[in-house]
Amino acid sequence: MTYIDLNETLDLLTELVSIPSPSGNTNEVITFVETFLEEIGVETRRNRKGGLLATIKGQLDSHHRMLTAHVDTLGAMVKEVKSNGRLKIDLIGGFQYNSIEGEYCQIETSSGKKFTGTILMRQTSVHVYKDAGKAERNQENMEVRIDEVVKNSDDVRKLGIEVGDFVSFDPRVERTESGYIKSRHLDDKASVAILLQLIKTIKEASIELPYTTHFLISNNEEIGYGGNSNITPETVEYLAVDMGAMGDGQSTDEYTVSICVKDASGPYHYELRKHLVQLAEENNIEYKLDIYPYYGSDASAAIRSGNDIVHGLIGPGIDSSHAFERTHESSIENTGKLLFHYIQSKMVQL
Ligand SMILES: [Zn+2]
């Protein structure tokens, strides 16, 4: 059986997380994906929002499938250049300020210049601030310390830094001997790496897909409307590949593929869910069924925007999501295997 190459997938994942791509500023990472697909002989096109589409013609062209993963990540934007030469930031996507405290970051100016910095509480120094531990982690108290000699707002502006500049967080990607991948932005770049590797496998092994299959690398998921467009009228099944959410009471783990039965948008399509479970069981793929309480996906965004589709959601389990993320290579592998069988399977509705 030809499955996706795990080592290549992990190399690709490492490259992807290392390219800054907060929602709203994803051109560089989309260009990287575009080049990857071009090199393996897959034609792509960009939508107006800046996402990337690739289509592989199948035996049947009257019924289509669509698979998505999102390449945009959490990030921030300069909200104010402060008189002390630091930056106040506004968050992009849903997360807490405490999850970026102490993080190294990059500020990209509108002309493309890049500066580094650190995201800190204004009251970080315990030698000066008695309440350093108790002060609230919020927009008021946190700021970016720029690694340049800047003593006031004029100094900062002379660098070209302005309100609206994008701030991205250092992913700090690491792979351990024990098979873990620790990095920010595994949501959802782990899935993007899996989908790209899957496309490569299809091409290299000349696998003929039963239906014309579209792959959408969406770029606005973290802000709610990533994969809700460019869905052909022929599209019957729409599968979002996005992280499985872990925590107390969750069944998702870092080792299996998580099949989402319901999230904040409601249940996913029952027949498609059962089909995915059946495929996992028939092919000895380790999976978990789960409900994600505070979660929406490209598939739920597609449903909300009025598409009459059969929608589903699966993905690798990611610990401490939207913060200090980690997964294990076995979760990546199980997700890749399920997708490999899914794209060659019969549709639940025809
Ligand atoms: Zn995600």
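Note that the structure is predicted; figures quoted are calculated from it, not measured. (Residues numbered from 1 in each chain as written. Predicted model: local features only at pLDDT ≥ 70, side-chain atom pairs only at ≥ 80, totals over all residues. Heavy atoms only, no water.)

### Looking at the pairing of strand 5 (residues 87–92)
Here strand 4 (residues 75–81) pairs with strand 5 via six bridges, running antiparallel. Counterpart to glycine 75 in the pairing with strand 5 is isoleucine 92. Adjacent in sequence and paired antiparallel, strand 4 and strand 5 are bridged by five residues, among which glycine 85 carries a positive phi angle near 85°. (Pairing = 2+ DSSP bridges. Helix = DSSP H or I, 4+ residues; strand = E, 2+ residues; numbered from the N terminus.)

### Here we look at the coordination of the zinc ion
Here the zinc ion is held by His70 (NE2), Asp187 (OD), Asp242 (OD) and Asp242 (OD), and the distances to it run 1.9 to 2.7 Å. Site description for the zinc ion: donor spacing in sequence, H-x116-D-x54-D. A residue pair is termed long-range when its members are at least 10 positions apart, and histidine 70 in strand 3 (residues 60–70) and aspartate 242 in the loop between strand 13 (235–241) and strand 14 (244–245) qualify at 172 residues. Note on histidine 70: relative accessible area 0%, which makes it buried. Judged by its relative accessible area of 3%, aspartate 242 falls in the buried class. (Donors = N, O, S within 2.8 Å, 3.2 Å for Na, K, Ca; no water. Buried < 20%, exposed > 50% of the residue type's maximum accessible area, 1.4 Å probe, protein only.)

### Here's the deal with the domain arrangement of the chain
Along its sequence, the chain is organised into domain 1 (6–73 + 185–342) and domain 2 (75–169). Measuring from the centre of the C-alpha atoms in domain 1 to the corresponding centre in domain 2 gives 32 Å. On the side of domain 2, 13 residues touch domain 1, which itself brings 13 residues to the contact. Inspection of the region where domain 1 meets domain 2 yields one salt bridge. A salt bridge links lysine 114 to glutamate 28; the shortest N-O distance between them is 3.7 Å. Where domain 1 meets domain 2, there are two residue pairs in polar contact (both at pLDDT 80 or more). (Domains from an automatic or database assignment. Contact = heavy atoms within 4.5 Å. Salt bridge = Lys/Arg side-chain N within 4 Å of Asp/Glu carboxyl O. Polar contact = N/O pair within 3.5 Å; in protein donor to acceptor, adjacent residues only side chain to side chain.)

### Digging into the environment of arginine 122
With respect to the helices and strands, arginine 122 occurs in the loop between strand 7 (114–121) and strand 8 (142–146). On the accessibility criterion, arginine 122 (37% relative accessible area) is partly exposed. Measuring from C-alpha to C-alpha, the distance between arginine 122 and glutamate 143 comes to 6.4 Å, with 21 residues separating the pair along the chain. Residues in contact with arginine 122, not counting those within four places in the same chain, are Lys82, Tyr129, Asn141 and Glu143.

### Description of the sheet that holds strand 10 (residues 174–175)
Strand-to-strand pairing in sheets goes through backbone hydrogen bonds, with the strands running parallel or antiparallel. Within the open sheet, the three strands sit side by side as 10-11-19. Their pairing is antiparallel. What marks the edges here is a single partner per strand, and that holds for strand 10 and strand 19 (326–328). Relative to strand 19, strand 11 (residues 180–182) is paired through three bridges, and the arrangement is antiparallel. From the neighbouring strand, isoleucine 181 faces strand 19, where its bridge partner is threonine 327.

### So, the packing of helix 1 (residues 6–17) against helix 4 (residues 186–204)
Where helix 1 contacts helix 4, the two axes come as close as 9 Å, and the packing angle between them is 135°. One way to sum up the angle between helix 1 and helix 4 is to call them oblique. With respect to the hand of their crossing, helix 1 and helix 4 are arranged in right-handed fashion. Contact with helix 1, carried on its side by Glu8, Thr9, Leu12, Leu13, Leu16 and Val17, involves Leu186, Lys189, Ala190, Val192, Ala193, Ile194, Leu196, Gln197 and Lys200 of helix 4 and no other residues of that element. A per-class count over the contact of helix 1 with helix 4 returns ten nonpolar, two polar and three charged. (Axes fitted to C-alpha atoms, helices over the stretch in contact; angles between N-to-C directions. Parallel < 35°, antiparallel > 145°, perpendicular 65-115°, else oblique. Left-handed = near helix turned anticlockwise from the far one by under 90°. Nonpolar A, V, L, I, M, F, W, Y, C, P; charged D, E, K, R; others polar.)

### Here's the deal with the packing of aromatic side chains
Within the structure shown, the criterion is met by four aromatic pairs. Look at tyrosine 3 and phenylalanine 340: their rings are 5.2 Å apart centre to centre, the planes differ by 70°, and that puts the pair in the edge-to-face class. Within this pair, whereas tyrosine 3 is found in the segment before helix 1, its partner phenylalanine 340 is found in helix 7 (residues 329–342), the two being separated by 337 residues in sequence. Taken together, a centroid distance of 5.8 Å and an interplanar angle of 75° make the contact between phenylalanine 95 and phenylalanine 169 edge-to-face. One end of the pair, phenylalanine 95, is in the loop between strand 5 and strand 6 (104–108); the other, phenylalanine 169, is in strand 9 (residues 166–169), with 74 residues separating them in the sequence. Per residue, the accessibility class of phenylalanine 95 equals that of phenylalanine 169, and both read buried. Lying over the aromatic face of tyrosine 342, arginine 65 brings its terminal NZ or CZ to 4.3 Å of the ring centre. Across from the ring centre of tyrosine 180, 3.7 Å away, lies the NZ or CZ of arginine 326, which sits over that ring. (Phe/Tyr/Trp six-rings, centres within 6.5 Å; stacked < 30°, edge-to-face > 60°. Lys NZ or Arg CZ within 6 Å of the ring centre and 35° of its normal.)

### Things to note about the nonpolar core
Counting 74 residues, the largest nonpolar core has Leu13, Leu37, Leu198, Phe215 and Leu339 as the members making the most contacts within it. Once residues lying within four places of it in the same chain are set aside, the contact partners of phenylalanine 215 are Leu52, Leu53, Ala54, Ile56, Leu67, Leu195, Leu198, Ile199 and Ile202. With 24 residues, the next largest nonpolar core counts Leu74, Val78, Ala135 and Leu159 among its residues. (Core = buried A, V, L, I, M, F, W, Y, C linked by side-chain atoms within 4.5 Å.)

### Looking at the side chain of aspartate 242
Salt bridges are absent for the buried aspartate 242, whose nearest opposite-charge side chain, lysine 189, sits at 12 Å. Engagement of the side chain of aspartate 242 in a polar contact is seen with the side chain of histidine 70, the distance being 3.2 Å. Residue contacts for aspartate 242: discarding those within four places in its chain leaves His70, Asp187, Asp188, Ser191, Glu221, Tyr295, Leu313, Ile314, Gly315 and Pro316. (Lys, Arg positive; Asp, Glu negative; His and termini not counted.)

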